[in-house]
Amino acid sequence: MAGNIEVKILKINTQIPHCVVSIVDNGETIVTAGNIGLELNPDGTANSEWIISTAKEIVLNRRKVKAEQDSMDKITSAINSSSEE
């Protein structure tokens, strides 16, 4: 499932290191203000590719969990419908 992913960096601290972000996937907020950690470049700056990769991993994992839950909900619904007969 492709979609529109929006990642906003709210705060970065390279000394700790941590990165606080908000992540929105297709209009649904996945992370409001969560610390995803931070990987640094050799020069001590924030590794933006790592931030993007980590955000993508969070979204893909959320989509997977949601798809599994939707599947379980369909099975439960089907069982409940057939037991009402």
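Refer to the structure printed above.
How each quantity is defined
Residues numbered from 1 in each chain as written. Predicted model: local features only at pLDDT ≥ 70, side-chain atom pairs only at ≥ 80, totals over all residues. Heavy atoms only, no water. Salt bridge = Lys/Arg side-chain N within 4 Å of Asp/Glu carboxyl O. Helix = DSSP H or I, 4+ residues; strand = E, 2+ residues; numbered from the N terminus. Buried < 20%, exposed > 50% of the residue type's maximum accessible area, 1.4 Å probe, protein only. Core = buried A, V, L, I, M, F, W, Y, C linked by side-chain atoms within 4.5 Å. Contact = heavy atoms within 4.5 Å.

1. Here's the deal with the pattern of salt bridges
Tallying each qualifying case throughout the model produces 4 salt bridges. One salt bridge connects Glu28 with Arg62, and the closest N-O pair in it is separated by 2.8 Å. Of the two residues, Glu28 sits in strand E3 (residues 28-35) while Arg62 sits in helix H1 (residues 48-83), which places them 34 residues apart along the sequence. Owing to a relative accessible area of 31%, Arg62 belongs among the partly exposed residues under this scheme. The closest approach of N and O atoms between Asp70 and Lys66, which form a salt bridge, is 3.9 Å. Of the two residues, Asp70 and Lys66 are both situated in helix H1; the distance of 4 residues between them amounts to about one turn of the helix.

2. Remarks on the nonpolar core
One finds Cys19, Val21, Ile23, Val31, Ile36, Leu38, Ile51, Ala55 and Val59 forming the largest nonpolar core, which totals 9 residues. Of all elements in the fold, only strand E2 (18-25) and H1 reach the threshold of two or more residues within this core. If we ignore the near neighbours within four places in the chain, the residues touching Leu38 are Ile12, Asn13, Thr14, Pro17, His18, Cys19, Ala46, Asn47, Trp50 and Ile51.

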